[in-house]
Amino acid sequence: MRIPLAIIGLICAVAVTGCGQKSLRDIRSTGPGPDEFLVLPPKPLSAPADYAALPQPTPGGTNRTDTNPQADAVAALGGKPSALVPGSGVPASDAGLVTASSRYGVSPNVRQALAAEDAAFLKRRRRGGRIKIAPVDRYEQIYAKETLDPFAANEAFRRAGAGTPSAPPVSEE
């Protein structure tokens, strides 16, 4: 008679642990090691073209080997990193882009509206998935229907006759 009570107690304990508040993403550090995403390696050292044109060193300032990921990404995509000055507004070269992207109007509270819509979407999708015995990353499961398959979209554009110059060419197999 004691064994069935122990089994029932174990089942109840497992069921109660699954009722806790869990976030959508369950990604945790599994060890005491460093977070590799917090470490930014410096740029490689290089000799300047003109040593006389180097700026004066400033204590606590930046140097040429310090990384600036945002400016590096803008430069890699063909933009001007100098346009990233906070508070400088939209550069004149991007005025056409801003005009085209806001042609149907701009909602002043777009972030709050999107957050409310996403919360309602998550509430509808998570109804049956609250009880979990083991930690599970549910993000991919919940948003699976909302993701775009880039290869299928690329093929659809190619079939329609649209050029896709940034995509790899069709393989000749």
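Just so you know, these numbers come straight off a predicted model, no measurement behind them.

S.K.: I keep staring at the layout of surface pockets and nothing clicks. Help me out?
M.R.: Any empty space left between the atoms is revealed when a probe the size of a water molecule rolls over them. The space that makes up the largest pocket amounts to roughly 190 Å³. Surrounding the largest pocket, Leu54, Pro55, Gln56, Pro57, Thr58, Gly61, Thr62, Asn63 and Arg64 form its lining. Split by residue class, the lining of the largest pocket holds 3 nonpolar, 5 polar and 1 charged.

S.K.: Honestly, the pattern of salt bridges in this entry has me stumped. Any pointers?
M.R.: The full count for this structure, using the stated rule, is 1 salt bridge. For Arg158, the salt bridge goes to Glu155, with nearest N and O atoms at 3.7 Å. Within this pair, Arg158 and its partner Glu155 are both found in helix 6 (residues 150-159), separated by 3 residues, close to a single helical turn. By relative accessible area, which is 22% here, Arg158 ends up partly exposed.

Scoring rules and cut-offs
Residues numbered from 1 in each chain as written. Predicted model: local features only at pLDDT ≥ 70, side-chain atom pairs only at ≥ 80, totals over all residues. Heavy atoms only, no water. 1 Å grid on protein atoms, 1.4 Å probe; cavity = no way out; pocket = protein on both sides within 12 Å on 5 of 7 lines; lining within 4 Å. Points joined across faces, edges and corners; volume = space filled by probe spheres on them. Nonpolar A, V, L, I, M, F, W, Y, C, P; charged D, E, K, R; others polar. Salt bridge = Lys/Arg side-chain N within 4 Å of Asp/Glu carboxyl O. Helix = DSSP H or I, 4+ residues; strand = E, 2+ residues; numbered from the N terminus. Buried < 20%, exposed > 50% of the residue type's maximum accessible area, 1.4 Å probe, protein only.

Keep in mind that these numbers describe shape and distance, not what the molecule does.
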